[in-house]
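# Observations on the three-dimensional arrangement
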Amino acid sequence: MAGDLSRLLRPKSIAVIGGGAWCAEVIRQSEKIGFGGDLWPVHPKGGTLEGRTAYQTLDDLPSSPDAAFVGINRHATIDVVGQLAKMNAGGAVCFASGFTEAIGEDIHGAELQTALIEAAAKMPILGPNCYGLINALDGIAIWPDQHGCSHVESGVAILTQSSNIAINLTNQKRGLPIAYVATCGNMAQLNQAQIASAFLDDPRVTAIGLHIEGFTDLRAWEQFAAKAYQNNVPVVALKVGTSGEAQAATISHTASLAGSDAGAHALIQRLGFARVSELSVFLETLKLLHMQGPLPSKNIASISCSGGEASLMADTAFHSGLTFPPLTSAQEADLRDVLGPMVALANPLDYHTYIWRDADTMAKAWSAMMAPDVAMTFSIVDYPHENRSDWDCATEAAITARAQTGRAFSVVSSLPELMPDDVARQLIDGGVIPLYGLRDAVEATAAATELTAPQDMPLAIPGHPTAPTVLTEADAKQALRAAGLDTPQSRTVGRRSPLSLSEAAQSLQAPLVLKGQGIAHKTEEGAVRLHLNKEDLESAAAAMPTDSFLVEEMVQGAVAELLLGVTRDAAHGFVLTLAAGGVLAELLEDSTSLLVPSSRVDVKIALSKLKCTKLLAGYRGAPAANIDAILDAVDALQSYVLANTATLEEVEINPLMCTPTRAVAADALIRKEMS
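Scoring rules and cut-offs
Residues numbered from 1 in each chain as written. Predicted model: local features only at pLDDT ≥ 70, side-chain atom pairs only at ≥ 80, totals over all residues. Heavy atoms only, no water. Helix = DSSP H or I, 4+ residues; strand = E, 2+ residues; numbered from the N terminus. Buried < 20%, exposed > 50% of the residue type's maximum accessible area, 1.4 Å probe, protein only. Polar contact = N/O pair within 3.5 Å; in protein donor to acceptor, adjacent residues only side chain to side chain. Contact = heavy atoms within 4.5 Å. Phe/Tyr/Trp six-rings, centres within 6.5 Å; stacked < 30°, edge-to-face > 60°. Pairing = 2+ DSSP bridges. Axes fitted to C-alpha atoms, helices over the stretch in contact; angles between N-to-C directions. Core = buried A, V, L, I, M, F, W, Y, C linked by side-chain atoms within 4.5 Å. Salt bridge = Lys/Arg side-chain N within 4 Å of Asp/Glu carboxyl O.

### Some details on the side chain of Ser-163
- The topology assignment puts Ser-163 in helix α5 (residues 163-170).
- Owing to a relative accessible area of 12%, Ser-163 belongs among the buried residues under this scheme.
- A distance of 3.1 Å separates the side chain of Ser-163 from the backbone nitrogen of Tyr-131, its partner in a polar contact.
- Those residues in contact with Ser-163 that lie beyond four places of it in its chain are Cys-130, Tyr-131, Trp-143 and Thr-183.

Spelled out as structure tokens, the structure:
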């Protein structure tokens, strides 16, 4: 485990080890950003680097460096990192590649990365295979390339595995103050959660943005999320890539419903982060959070001088989850006083151009739209590239309305290129958020409403079963019944059993269901027969391609069928999927996912998001399902998972027959490693 990162993130001295162009660039970028500490080039041949005299060895340095940029080959990097650790350096950026990211081409990559970790011991290292970090608050750039950062008093921290993505983000021109940028490369020692947690120790950091390729060390992520929430620092995640773990199990419907991204999405929600899918929205969300913080509701308002823009805003927000609350009578009165009788009052509002150029009157209209229950009000303004003086009134009105109400306000351009840099700076100085493009503005606003407290229940961490097998349906139901699940009364009979099926079923109540065991997809193989009487069992069994049968009481009176499933996802935990069930489970694509364990409250909320929730509530006069019984079934399923984390691969109940009184597992599948 690495030690304190404070010296690495905020060094007073930096050693630059190596003599190539990359190391020279570190010196240039440090000087350019205004680093006021000691810069010590180190090269065995001595000489100079960017006009600075180089030390021949680390032992020649005046003192142990707070940070080091190690810009030499991978083999030499290991030795130098070991020397830095022994001399109590504050940390190092390992620039070299050829470690685990090169395993496909070099079998020694993993061995070298292990040696690097051992050499570093408790000294923090970034990388290998990474550019390093920029601290624009204190004028620090341990960075071997160009970047767009400049000094800020406060701002957001951005962390990514990709150095190239980091460079691109620093060159944004959207008015976002970037306080820190760090790249973590292979994450040999420090993972993203640990680095991000260190950013939280600086009170000047207002929000954190994470570009995530994959999660590691779930406990570290839980700790970081709790710390971020306690520090009131919102976190935005741009999760890219997919993992195959959740699709490794192909027997069940659950795996295909959950998909490769379900675990990541459920984890991000569980941690309380906002999730976005594009870099532009990533930047806009961070800017919104830096200036305003998380938004308390999904209520928005929009004003523009064009009916086309009003309609476009309404359509853009349609699938975002954001809502346009109707105007109150007080708002209508205030707006009527300002706009007169010719304007149709609504939200979104087209105020026409009757008051254009009258900044004070415009500000009164803007203020009237900014109701207490509105989380964000937009003014749509597109500034021309030349002769913009006629648009100054819109900028002035926005700043005045913000000052008068103290409520969240944004000027948004319909196209990103129609928001000039100088106007954006003027708006920011006035507390107004400039947002670039309607789509990005809407998605950023929606993301800012998604931030929540992280769940306090620790995630169930999966084991690594090596040879999981499929239990028979009877054995699966017996195991789940022991965990508290409601299952039908049943009997198991072999084709060569001394008891006939009808004799074995004497204590069961018709109608009955007969199933052939040992078949993955029974319906397709003709191994399920419904609505049978006892005397029908033998003839039904004769047509089934199996020697083992399960006969059970048929569940009647179901108002809906659900699928409950859990798959092991090595990257994210156990993914709990709730979906419309039965034979149409995959066809309907009506599903949502959580992680195990999840509370009854969260499960109930997740159920309410399904399209089939109308059936559960009683559709068109039909009786409602027993929701408590459904929640009991989910609790039982989770109890089974928690008791079998080391060996379980997947478990599925499909369908769960939901009646007005019960929630019964009509079918069950378990795949696990047997001890």
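Read on for the rest.
### Focus: unusual backbone geometry
- The linkage connecting Asn-347 with the following residue, Pro-348, adopts the cis geometry, with an omega of 5°.
- Mapped onto the fold, Pro-348 is located in the loop between α12 (329-339) and β16 (349-350).
- Residue Pro-655 is bonded to the preceding Asn-654 through a cis peptide linkage, with omega at 5°.
- Unlike most non-glycine residues, His-352 shows phi in positive territory, near 60°.

### Notes on the packing of aromatic side chains
- Overall, the coordinates contain twelve aromatic pairs when judged by the stated rule.
- When the centroid spacing of 6.0 Å and the interplanar angle of 40° are considered together, the rings of Phe-95 and Tyr-131 count as tilted. In this pair, Phe-95 sits in the loop between β6 (92-94) and α4 (109-120) while Tyr-131 sits in the loop between β7 (125-126) and β8 (133-135), placing the two residues 36 residues apart along the sequence.
- Residue classification places Phe-95 among the buried positions, given a relative accessible area of 17%.
- Here the aromatic cluster, defined as three or more aromatic residues joined through ring pairs, consists of Trp-22, Phe-69, Phe-95, Tyr-131 and Trp-143.

### Remarks on the sheet that holds strand β17 (residues 376-380)
- Read across the sheet, five strands follow the order β16-β15-β17-β18-β19 without closing on themselves; strand pairing throughout is parallel. Since the sheet does not close on itself, it has two edges, and those belong to β16 and β19 (433-436), each with one partner.
- Where strand β15 (residues 300-304) lies against β17, four bridges are found, and the strand directions are parallel. Pairing of Ile-300 across the sheet is with Met-376, part of β17.
- In the packing of helix α13 (residues 359-369) onto the sheet, contacts are made with β15, β16, β17 and β18 (409-413), and the angle to β15 comes to roughly 155°.

### Comments concerning the environment of Tyr-383
- Mapped onto the secondary structure, Tyr-383 falls in the loop between β17 and α14 (392-405).
- According to the relative accessible area criterion, Tyr-383 is buried, its value standing at 2%.
- Every residue in contact with Tyr-383, bar those within four places of it in the chain, is listed here: Arg-388, Trp-391, Ala-394, Thr-395, Val-411, Leu-418, Met-419, Pro-420 and Val-423.
- At 2.6 Å, the side chain of Tyr-383 forms a polar contact with the side chain of Thr-395.

### Some details on the nonpolar core
- Judged by nonpolar contacts, the single largest core of 110 residues is most densely connected at Val-16, Phe-199, Ile-208, Leu-210, Trp-221, Phe-224 and Phe-273.
- No other element matches the seven residues that helix α16 (residues 438-448) contributes to this core.
- Ignoring anything within four residues of it in the chain, the contact list for Val-16 reads Cys-23, Val-26, Ile-27, Leu-39, Trp-40, Pro-41, Val-42, Leu-49 and Phe-69.
- Counting 41 residues, the second largest nonpolar core, distinct from the first, contains Val-603, Cys-612, Leu-631 and Val-651.

### Some words on the pattern of salt bridges
- If you walk through the whole model with that rule in mind, you get 25 salt bridges.
- Note that Arg-219 and Glu-222 form a salt bridge whose closest N and O atoms lie 2.9 Å from each other. With a gap of three residues between them, Arg-219 and Glu-222 both fall in helix α7 (residues 218-230), about one helical turn apart.
- Of the residues examined, Arg-219 reaches a relative accessible area of 33% and is grouped as partly exposed.
- Note on Glu-222: relative accessible area 19%, which makes it buried.
- Note that Arg-600 and Asp-635 form a salt bridge whose closest N and O atoms lie 2.7 Å from each other. Here Asp-635 lies in helix α23 (residues 627-643) and Arg-600 lies in helix α21 (residues 600-608), a separation of 35 residues in the sequence.

All we've got here are geometric facts, nothing functional implied.
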